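# Structure at a glance
Next come the chains, spelled out residue by residue.
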Amino acid sequence: MLRGENSRDVVRRVKEKVREINANNILPDGIKIVPYYDRSDIVSASVSTVNKALIEGAILVLIVLYLLLNSIRGSLVVLIALPLSLLATFIVMKLAGISANLMSLGGLAISIGMIIDTTIIQVENVQRHLSEEGGEHPKLSTVLKAVMEVRKPSIFGELIIAITFIPILSLEGIEGKMFGPLAITVAIALLASLFLSIFVIPVLCILFLKPHPEKESVIMKQAKSYYLPLLEYAMNRKKVILGIAGGFLVASLFLVTKLGTEFIPAMDEGAFDMDIAMLPGVSLAKAMEVNQQAAATLKKFDELDVIVSRTGQTGVAMDTRGVDKTAYVGIFKPKDEWKRDISKEDLINEMRKSLQSIAGISFGFSQPIQCRIDELVAGTRAQLIVKLFGDDIDLLSEKSAEIARVLTTIRGGTDLNAEKVSGQPYLTVNIDRAKIARYGLNISDVQKVIEIAVAGKSASQFYEQNRNFDITVRLPEEKRNSLEAIENLLITTKTGINVPLEQLAEVKMVEGPVQISRQDGIRRIGIEMNISGRDIGSFVAEAKEKIQEKVKLPPGYYLTWGGQFENQQRAMSKLMIIGPVAIALILLLLYMTFRSIRLALLVISNLPFALIGGVFALFLSGQYLSVPASVGFVVLFGVAVLNGLVLVSRISQLREEGLEMEEAIMKGSLDRLRPVLMTASIAIFSLMPMLFASGAGSEIQKPLATVVVGGLLSSTLLTLLIIPSVYSWFEKRGLHFNFLKSQPNKGE
């Protein structure tokens, strides 16, 4: 497929062309093209999975919204805003050329809660003001006052969430290709939501909301009844609350060291890709015999629907190899047709055990798409490759064998395959110049006979209508299929005498290199393997330690680790650099909001507490710290900052109005309890379908959803307790900078 093309459209056009070829009798009688692997199936299945999560998340959001808001009219405003935001997002995506794929639609599923946060905050505040004023003031002025009251924190909150996606846009390689559309889609959705919140939502509030006494929902009554005593306790026992939160934070930081690491969870493609390698120089007949035995072994598994092998080629017809290597593609039946309750990983492990009974082969399992991506990006068809660099090919071979023996002793390693650099038989003919001179021959005379005998040479051409074919002359197979037959080749001299080749040259079979691989101009040998039942990060850490202990490399020889591990390390390093930059930008926006560096630090101090729930969620669910999980932390930090921003803004506003410290904190916390709970719960419930999804592509989205849901649970609770309890410390000791404001705030 050409770069920039849409895989689904390409497959559709190929199908149309195949139907045309089969229908027009272009092929000989009895032959037709039948596809055995259709990549558009996995594309459709993954898009269907995320579409389902998107729809279910939107429904859950509306249900939770009504239960907390207890207003049909208020819910209707949000109900109108949600499809408008999505519609605007789709329009911009179309104009920008972003396709609806697993990651872009996944970005929308993630951002459902975010894109209506501003709307929720505005609608909740307008409804509260209309209820409190009871129609004493004109409706227009009341709505405008309520909207302007939360305009600044809500707009800056949306911008802050958008900024948190900058680290994702900085990712390179395959991770950048995958998560770039997600970040761009979320940013588009947030900007569309921001536009609607400024120009459309206030109008909808005027049209739909009415000034009548507000009936608080049962859920909010219960929430306040539990929250008020907890808040009073936190206000009176600041050090106790901070100590508990600090203890959980330390525990989460400890758990981070215990979390396994990986690049991206493998997506179930519903198929497997397998390579079988035999000894170099094996005959085609023997290779076919072994391949048929391997295929027969795999066909015993009822879960397998189709299996196709290609000897001497990979999945791409242009990639040619020797007959000692065969690529297999196996298609599984749909899981609802499986007769056994078995996971795909366990099934693959059973296949591995069954193939071990075939002597003389090494093999490795992957998946069609995953295999091609790994090969193109990292130069390996496996998850992990150890590259040994050096000059001497024999020494490289010796040390690679030692490394392979060490790797076989480490738990979790499977499908180990060390690159073969020797064992290829070569027919060598060393012509004796002195002997051929006696017969009046030169080297080209002898080489020409050998070429015609062994390889053949075009003698003429055969024309058939508008096609032509070379007519190749070559000796019969029995005259060239052994060393003795080659030695008995007759070389005709200028005098007409026929001399056997063995009298003119030394003919022998020697063992030589199969291939010599180079990288950056340096010879190297690769040891490939997959990881099963363990995270790749801990495996590499243990492997490095054991190799350093048991394998001594000479000066000038060194190891590098590639494959998914290299991708994971690159992505994490990039996030570690760009992440602090994004936090600094968030801090700048917070300062512009409050005109106080201390209050900005108070809000951003909520980020470590968001980490607690995310880490515990990953640990309890048995998932690894991967690139999707790291992206989840990025998303989580943006939402956590928004909740803290809304709460601190309200307390600061009440202080400016002249309320005493404790009264402002208590009233501000109770006033913002509902919007904070609404934004958090809506974000959580919008991700619930993704958290429990099991279809194709859900493996990539699940770590992200796990982190966000777990982190919001902890950050919301701690936002509502810690920020109010320590607010007085920050305001009393805080130095408020008013460079951008003409008048100082009250109470500062």
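Note that the structure is a prediction, hence the values are computed from the model and not measured.

### Details of the overall build of the protein chain
- If you tally the helices and strands in the protein chain, you get 26 helices and 15 strands.
- The C-alpha radius of gyration computed for the protein chain amounts to 35 Å, which surpasses the reference 27 Å derived for 748 residues by more than 25%, pointing to a less compact arrangement than a globule.
- With respect to the three principal axes, the spread of C-alpha positions in the protein chain is 125 × 65 × 55 Å.
- Across the 748 residues in the protein chain, those meeting the buried criterion constitute 49%.

### Focus: the pattern of salt bridges
- On inspection of all chains with the given rule, the structure shows 14 salt bridges.
- One salt bridge connects Glu542 with Arg534, and the closest N-O pair in it is separated by 2.5 Å.
- A residue is classified by how much of its surface remains accessible, and Glu542, at 25% relative accessible area, is partly exposed.
- Residue classification places Arg534 among the buried positions, given a relative accessible area of 13%.
- Two residues, Asp671 and Arg650, come together in a salt bridge whose shortest N-O distance is 2.9 Å. Of this pair, Asp671 sits in helix H24 (residues 661-671) while Arg650 sits in helix H23 (residues 627-656), and the two are 21 residues apart along the sequence. Take Asp671 and Arg650: they sit in the same class, and that class is buried.
- Connected through salt bridges with shared partners, the residues Asp9, Arg12 and Glu16 form a single ionic network.

### Quick word on the packing of aromatic side chains
- Summed over all chains, the structure comprises eight aromatic pairs.
- Taken together, a centroid distance of 5.0 Å and an interplanar angle of 10 degrees make the contact between Phe389 and Tyr558 stacked. With Phe389 in strand S5 (residues 384-389) and Tyr558 in strand S15 (residues 558-563), the pair connects residues that are 169 residues apart, well separated along the chain.

### Considerations on empty space enclosed by the protein
- All told, the structure shown has two cavities of 30 Å³ or more when counted by the stated rule.
- Put simply, the largest cavity is a space of about 50 Å³.
- Lining the largest cavity are Thr49, Val50, Ala53, Leu102, Met690, Ala693, Gly697, Ser698 and Gln701.
- Going through the elements one at a time, helix H2 (39-69) and helix H26 (698-733) are the ones with two or more residues in the lining of the largest cavity.
- At three residues, H2 tops the list of elements feeding residues into the lining of the largest cavity.
- Its residues assigned to classes, the lining of the largest cavity shows five nonpolar, four polar and no charged.
- Considering the residues around the second largest cavity, the lining is formed by Ile110, Met114, Val635, Val639, Ala683, Leu687 and Val708.

### Considerations on a negative patch on the surface
- Together, Asp391, Asp392, Asp394 and Glu398 make up a region of like negative charge exposed at the surface.
- Inspection of the secondary structure puts Asp394 in helix H15 (residues 393-407).

### Overview of the pairing of strand S14 (residues 522-531)
- In terms of residue burial, S14 counts as a mostly covered element, since seven of its ten residues are buried.
- By the bridge criterion, six bridges tie S5 to S14 in an arrangement that is antiparallel. Bridging across to S14, Leu384 finds its partner in Met529.
- As paired elements, strand S13 (residues 517-519) and S14 share three bridges and run antiparallel to each other.

### Side note on a nonpolar patch on the surface
- Together, Ile55, Ile59, Ile63, Tyr66, Leu67, Ile72 and Ile219 make up an exposed nonpolar region whose accessible area comes to about 660 Å².
- It is H2 that contributes the most residues to the nonpolar patch, five residues altogether.
- The exposed category is assigned to Ile72, whose relative accessible area is 62%.

### Some words on the environment of Arg674
- In this fold, Arg674 is placed in helix H25 (residues 673-691).
- Since its relative accessible area comes to 7%, Arg674 is described here as buried.
- The spatial distance from the C-alpha of Arg674 to the C-alpha of Met148 is 19 Å, given a sequence separation of 526 residues.

### A word on the nonpolar core
- By size, the foremost hydrophobic cluster in this structure holds 131 residues, and its most contacted members are Phe179, Leu182 and Leu590.
- The leading source of residues in this core is H23, at 16 residues.
- One finds Ile307, Ile342, Leu347 and Leu355 within the second-largest nonpolar core, a separate group that totals 25 residues.

### Description of the sheet that holds strand S2 (residues 304-311)
- In spatial order, the strands read S2-S3-S1-S4; together these four strands make up an open sheet with antiparallel pairing. Each edge of the open sheet carries a strand with a single partner, namely S2 and strand S4 (362-366). Taking each pair of neighbouring strands and ignoring which way they run, the sheet shows an average axis angle of 20 degrees.
- Where strand S1 (residues 271-277) meets strand S3 (residues 325-332), seven bridges bridge the pair, whose relative direction is antiparallel. Each bridged residue has a counterpart across the sheet, and for Met274 the counterpart in S3 is Tyr328.
- In the packing of helix H12 (residues 284-299) onto the sheet, the strands contacted are S1, S2 and S3, and the crossing angle to S2 comes to about 165 degrees.
- Contacting S1, S2, S3 and S4, helix H13 (residues 344-355) runs over the sheet at an angle of about 170 degrees to S4.

### Re helix H6 (residues 139-163)
- Look at H6: 35 Å from first C-alpha to last across 25 residues, which is about the 36 Å you get at 1.5 Å a residue.
- The largest bend along H6 reaches roughly 45 degrees and is located at Arg151, with the proline Pro153 sitting one to four residues downstream.

### Observations regarding the packing of H6 against H23
- One way to put it is that H6 packs onto H23 with a least axis distance of 9 Å and a crossing angle of 160 degrees. Accordingly, the angle class assigned to the pair H6 and H23 is roughly antiparallel. At the point where H6 passes H23, the crossing takes the right-handed sense. From H6, Glu149, Pro153, Phe156, Gly157, Ile160 and Ile161 reach across to H23, where they touch Gly638, Val639, Val641, Leu642, Leu645, Ser649, Arg650 and Gln653.
- For the contact of H6 with H23, the class distribution of residues is eight nonpolar, four polar and two charged.

### Some points on the packing of H23 against H24
- For the pair H23 and H24, the least separation of the axes is 8 Å and the interaxial angle reads 140 degrees. Relative to H24, the element H23 is oriented oblique. Considering only the axes of H23 and H24, their crossing is right-handed. Across the interface between the two elements, Leu647, Arg650, Ile651, Leu654 and Arg655 from H23 touch Met661, Ala664, Ile665, Lys667, Gly668, Ser669 and Asp671 from H24.
- Each residue belonging to the contact of H23 with H24 can be placed in one class, and the counts come to six nonpolar, two polar and four charged.

### Observations concerning the environment of Tyr558
- Residue Tyr558 is classed as partly exposed on the basis of its relative accessible area of 36%.
- Along the primary structure Tyr558 and Arg524 are separated by 34 residues, whereas in three dimensions their C-alpha atoms are 9.6 Å apart.
- In contact with Tyr558, other than residues within four places in its own chain, are Lys387, Leu388, Phe389, Ile522 and Leu553.

### Details of the confidence of the model for the protein chain
- Summing up the model confidence of the protein chain, the mean pLDDT is 80 and the portion of residues at 70 or higher is 95%.
- Low pLDDT (under 50) marks residues 732-748, which in the prediction has 28 contacts with non-local residues, meaning those over four places away or in another chain.

### Describing the side chain of Ser400
- Tracing the sequence through the fold places Ser400 in helix H15.
- Polar contacts involving the side chain of Ser400 include one to the main-chain carbonyl oxygen of Ser397, which spans 2.8 Å.
- With residues near it in sequence (within four places) discarded, Ser400 still touches Leu388, Ile525 and Ile527.

About the cut-offs
Residues numbered from 1 in each chain as written. Predicted model: local features only at pLDDT ≥ 70, side-chain atom pairs only at ≥ 80, totals over all residues. Heavy atoms only, no water. Helix = DSSP H or I, 4+ residues; strand = E, 2+ residues; numbered from the N terminus. Rg over C-alpha atoms; globule rule 2.2 N^0.38 Å. Buried < 20%, exposed > 50% of the residue type's maximum accessible area, 1.4 Å probe, protein only. Salt bridge = Lys/Arg side-chain N within 4 Å of Asp/Glu carboxyl O. Phe/Tyr/Trp six-rings, centres within 6.5 Å; stacked < 30°, edge-to-face > 60°. 1 Å grid on protein atoms, 1.4 Å probe; cavity = no way out; pocket = protein on both sides within 12 Å on 5 of 7 lines; lining within 4 Å. Points joined across faces, edges and corners; volume = space filled by probe spheres on them. Nonpolar A, V, L, I, M, F, W, Y, C, P; charged D, E, K, R; others polar. Patch = residues over 30% accessible without salt bridge, like charges linked within 9 Å, V, L, I, M, F, W, Y side chains within 5 Å. Areas by Shrake-Rupley, 256 points an atom, 1.4 Å probe, with all protein chains shown as cover. Lys, Arg positive; Asp, Glu negative; His and termini not counted. Charge placed at Lys NZ, Arg CZ, Asp CG, Glu CD. Pairing = 2+ DSSP bridges. Core = buried A, V, L, I, M, F, W, Y, C linked by side-chain atoms within 4.5 Å. Axes fitted to C-alpha atoms, helices over the stretch in contact; angles between N-to-C directions. Contact = heavy atoms within 4.5 Å. Expected span 1.5 Å × (residues − 1). Bend = angle between axes of the 7 residues up to and from the residue. Parallel < 35°, antiparallel > 145°, perpendicular 65-115°, else oblique. Left-handed = near helix turned anticlockwise from the far one by under 90°. pLDDT = per-residue confidence, 0-100. Polar contact = N/O pair within 3.5 Å; in protein donor to acceptor, adjacent residues only side chain to side chain.

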